[in-house]
2 protein chains.
Amino acid sequence: MSSFDLEQFLPYLLNQAAEASSLEFQQVYKDRYGMLRNEWRVLFHLGQFGRMTASEIGARARLHKTKISRAVAKLEARRFLIRKRDEDDRRVEHLHLTPTGRAAFEDLRRVAERYDSELTAGMTVSEIAQLRAQLEHLAQRRG
Amino acid sequence: MSSFDLEQFLPYLLNQAAEASSLEFQQVYKDRYGMLRNEWRVLFHLGQFGRMTASEIGARARLHKTKISRAVAKLEARRFLIRKRDEDDRRVEHLHLTPTGRAAFEDLRRVAERYDSELTAGMTVSEIAQLRAQLEHLAQRRG
DNA sequence: ATGTAATAGTTGAAAATGTAACTAACAAGC
DNA sequence: GCTTGTTAGTTACATTTTCAACTATTACAT
């Protein structure tokens, strides 16, 4: 007789928590800016880190280059970012937000901040810190 | 100046952890049984809870009925489960695993158990319990 | 009993994703 | 110079997912 419980299985639990906790925020960037998940991720990376290349975003966010490529194309079409060829290595494109893109980022950043505090309401500061540390540790794992 | 950090944003962190922690297990059910995510989820619900209807699985796993419908069709085609019409309410189908399906479940359950202990290696029992409790709490949230 | 609404589950078309092949540019060896 | 290999990013095609419409059955109100 095994004690295995699907609903205690960490990958399952993590997925349930991730989906549930993404829903409301997803609604905002979707409704307000017609963005998809990969698009807000790219937007946030550029908003937070400034000018980056697609590869750099991919490495940080662990997104496949095709996802980035398409997200960048969409964001560019909406005038949220512009590309600039690197003069030394003409394969590379530097991406950065336009004022419009930055405004969207600032808006969504505020929403995210507020939402994050809602999610952590009821937890103590040290509980939150520990949760984040454990999630970071799990996220480190390489498939 | 804001202190917002994308990589500390809980929905982002949860998604990163969920994806990373699902990778290896996904590889197993995919390689070994050609299953997709929704298929192993349905398989596991039937394996763990016995006979269930599609709606019951959907409510528990928070999967949309079209995902269930297609996962069930695939599992049925591979002879992992069979359907039985409810005699009192002929809209309802009761699903349960075949011996083949149960064998696949038992096999994957063992893999999942082992994998779960790998993931939690390095954490104390109480840390693990707390992590699970926090994830359950976050998963509760309704969008 | 008859009309209306609700529920279980399926299906088709559109959108998104994954995988692999592709172009273009650079790098390194000879 | 030329060949071979690598990296940045795009594109094409197959698979999945999403969304809305659909069938069939039950429930409920009049």
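In case you missed it, the structure is sitting above this.
Scope of this entry: the structure provided in the associated data block.

Cut-offs used in this document
Residues numbered from 1 in each chain as written. Chains lettered and ligands numbered in written order. Predicted model: local features only at pLDDT ≥ 70, side-chain atom pairs only at ≥ 80, totals over all residues. Pairing = 2+ DSSP bridges. Helix = DSSP H or I, 4+ residues; strand = E, 2+ residues; numbered from the N terminus. Contact = placed C-beta atoms within 7 Å. Axes fitted to C-alpha atoms, helices over the stretch in contact; angles between N-to-C directions. Near = placed C-beta within 6 Å. Nonpolar A, V, L, I, M, F, W, Y, C, P; charged D, E, K, R; others polar.

1. Focus: the sheet that holds strand E3 (residues 93-97) of chain B
All names here are of chain B.
Now for step 1: Spatially, three strands are ordered E1-E3-E2 in an open sheet, and the strand pairing comes out antiparallel. Edge positions in the sheet fall to strand E1 (52-53) and strand E2 (81-85), since each has one partner strand and no second.
Now for step 2: Here five bridges tie E2 to E3, and the two strands are oriented antiparallel to one another. Following the sheet pairing, lysine 84 is matched in E3 by histidine 94.
Now for step 3: Relative to the sheet, helix H4 (residues 65-77) contacts E2 and E3, its axis offset from that of E2 by approximately 115°.

2. Re the protein's contact with DNA strand D
Now for step 1: Looking at DNA strand D, there are 19 residues lining it, with Ala54, Ser55, Ser69 and Arg91 of chain A together with Arg90 of chain B nearest.
Now for step 2: Those elements giving two or more residues to the surface near DNA strand D turn out to be helix H3 (54-61) and helix H4 (65-77) of chain A together with helix H2 (37-49) and H4 of chain B.
Now for step 3: Looking at the surface near DNA strand D element by element, the count peaks at four residues for H4 of chain A.
Now for step 4: Tallied by class, the residues present in the surface near DNA strand D amount to four nonpolar, seven polar and eight charged.

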